[in-house]
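Below, each chain spelled out in residue letters.
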Amino acid sequence: MGCTSRKLVLCMAICLFSLILAAGCSSFDPDPRMFRSHYSYDLKIYTTGPITDVTFYLPLPVKHGVPMVGPVVLHENDFATSNLSVEFVASPPGLNLTGAYPMANNEPKYLKISTDRVYLDKTQDGPYLIEIDNATRLESPLSFADTVNPYFNETVFLPKLNFALPAQTEDIPVNSTSTTSYDYQSTPIEVLQQVPIYAEYSASPATRVDIYSSIHGSNSWLERCEIGAGNSYDDYYEWYHSGDSHGWQTASGTYEAARGEYPNFSHPVWQEVLNRTAEK
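The present account deals with the structure reproduced in this document. (Residues numbered from 1 in each chain as written. Predicted model: local features only at pLDDT ≥ 70, side-chain atom pairs only at ≥ 80, totals over all residues. Heavy atoms only, no water.)

Right, let's talk about the pairing of strand S2 (residues 51-59) for a bit. Among the 9 residues in S2, 7 count as buried, and that is most of the element. Relative to strand S12 (residues 189-202), S2 runs antiparallel, the two sharing 4 bridges. Paired with Thr-55 across the bridge in S12 is Glu-200. (Buried < 20%, exposed > 50% of the residue type's maximum accessible area, 1.4 Å probe, protein only. Helix = DSSP H or I, 4+ residues; strand = E, 2+ residues; numbered from the N terminus. Pairing = 2+ DSSP bridges.)

What follows is the structure, encoded as C-alpha cells:
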C-alpha cells in the first residue's frame, strides 16, 4: 500500500471515530451525574506602610448566625497569625444596624483583629491572607447549595446596608429561560451593597490600607460526554483608605445569585436521577 493510500485510510478512520464519538455525545440521554458543591472564602488585608494601634472588626461569613464556609464551621484559630491577635465578636461596640436588611434567624458575627504595630506587605510582615475552601461530592442533587436564595439559606456577609433583594427572590422560580427541557437558565440577581467595617489605626498620609473579602458558592455536575453544567452565587466587599482611620467605615460590594443552569426536577431526566440516588 502506498504512502498516499495509508494516509487516506488513516484519515477515514479518524473521521469515522469522530462521528462515532459525536453520535455518542449527542445521544438523547444527558445522564446527569457527579454532583458537587464548592464553597470558598477569602479575606485579604494589605498595607503600603506600617500602621499602629490597630483594631479591625470585619464581618465573617455566617449561616443562621454561625460563622461558616458552606458546611465548615469557622474557629478563631483559622484566622490566627503570629503578629496579630484575633477574636470572634457578636456585638462590636458602636455598631449601628439602622437601615440593615432584615436578618430573621441570622445574626452577624465579626472578626476582631488587633495589634500594636504591623506592616502587611510582602517585604515586611507579609499580607494577611485567609483562604478557606470546601468541595463536597454529593450523592443527590437535592443536596445542592441554594445559589438562588443564598441570603436566606447559605453563607453570606451580614449586615448589609442600603440593600434590597428583588421582591420575588424569596420564592424565585429557576425556570426563567429554558436552555433545554431538563435544565433552566435562571435570571441572575445582582445587588450593590454596603457593609459596615471598623478600622481604627494610625498611619502616615501616604500609607494605604486595602481590605477585600469574598464568599463563593457553586454547584456542578456532568452531562452527556463530560459536558459540565452548574450554577453559583457570590458575596463580596472591599474597602481602601489612605492615612489614619478612626471608627466605623463603609465597605462597598456586590451580592450576586442565581447565575447559571438549574435542574428541572419535574423532567423525566431528573426524575430518573432522583429515583436512582434515592436508592443509595
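Further notes follow.
What tends to happen in soluble globular proteins is that the nonpolar side chains get buried as a cluster. In this structure, Tyr-41, Phe-56, Tyr-128 and Ile-211 are the most contacted members of the largest nonpolar core, which totals 50 residues. In terms of residues, this core owes the most to one element, S12, which gives 6 residues. Setting aside anything within four residues of it in sequence, one finds Phe-56 in contact with Ile-45, Ile-51, Leu-111, Lys-112, Ile-113, Tyr-198, Ala-199, Tyr-201, Val-209 and Ile-211. In terms of nonpolar packing, the next biggest core, distinct from the first, is built from 9 residues, Phe-35, Leu-138, Trp-221 and Ala-229 among them. (Core = buried A, V, L, I, M, F, W, Y, C linked by side-chain atoms within 4.5 Å. Contact = heavy atoms within 4.5 Å.)

Another point: the sheet that holds strand S3 (residues 61-63). Strand order in the open sheet made by the 4 strands is S5-S4-S3-S9, with antiparallel pairing throughout. Edge strands, defined here as strands with exactly one partner in the open sheet, are strand S5 (72-73) and strand S9 (156-157). Of the strand pairs in this sheet, strand S4 (residues 66-69) and S5 are connected by 2 bridges, and their pairing is antiparallel. Counted as the bridge partner of Met-68 is Val-73 from S5.

Our next topic: the environment of Lys-112. Considering the arrangement of structural elements, one finds Lys-112 in strand S7 (residues 110-118). Those residues in contact with Lys-112 that lie beyond four places of it in its chain are Thr-55, Phe-56, Tyr-57, Ser-85, Val-86, Glu-87 and Val-89.

So, about the pattern of salt bridges. Considering all chains together, one arrives at 5 salt bridges under this definition. Across the pair Asp-31 and Arg-33 runs a salt bridge, and its minimum N-O distance is 3.7 Å. The partner of Arg-259 in a salt bridge is Glu-256, with the nearest N and O atoms 3.3 Å apart. A cluster of three or more residues bridged by salt bridges with shared partners is formed by Glu-190, Glu-256 and Arg-259. (Salt bridge = Lys/Arg side-chain N within 4 Å of Asp/Glu carboxyl O.)

A word on helix H3 (residues 268-278). Where H3 is concerned, the buried positions are Val-269, Trp-270, Val-273, Leu-274 and Thr-277. Around the axis of H3, the buried residues are gathered within 135 degrees of arc, so they sit on the same side. Structural note: H3 exposes Pro-268 and Ala-278 on the side pointing more than 90 degrees away from its buried face. Residues of H3 that are buried sit in contact with strand S1 (33-47), strand S11 (183-185), strand S13 (208-223) and strand S15 (248-263). (Arc of directions from axis to C-beta.)

On to unusual backbone geometry, then. With an omega dihedral of 0 degrees, the bond running from Leu-158 to Pro-159 counts as a cis peptide bond. Mapped onto the elements, Pro-159 comes out in the loop between S9 and strand S10 (177-178). At Asp-53, a position not held by glycine, the phi torsion is positive, near 50 degrees. Among the residues examined, Asp-53 registers a relative accessible area of 53% and is labelled exposed. Phi is positive for Asn-162, close to 50 degrees, though the residue is something other than glycine. By secondary structure assignment, the location of Asn-162 is in the loop between S9 and S10. Taking relative accessible area as the criterion, Asn-162 reaches 60% and is therefore assigned exposed.

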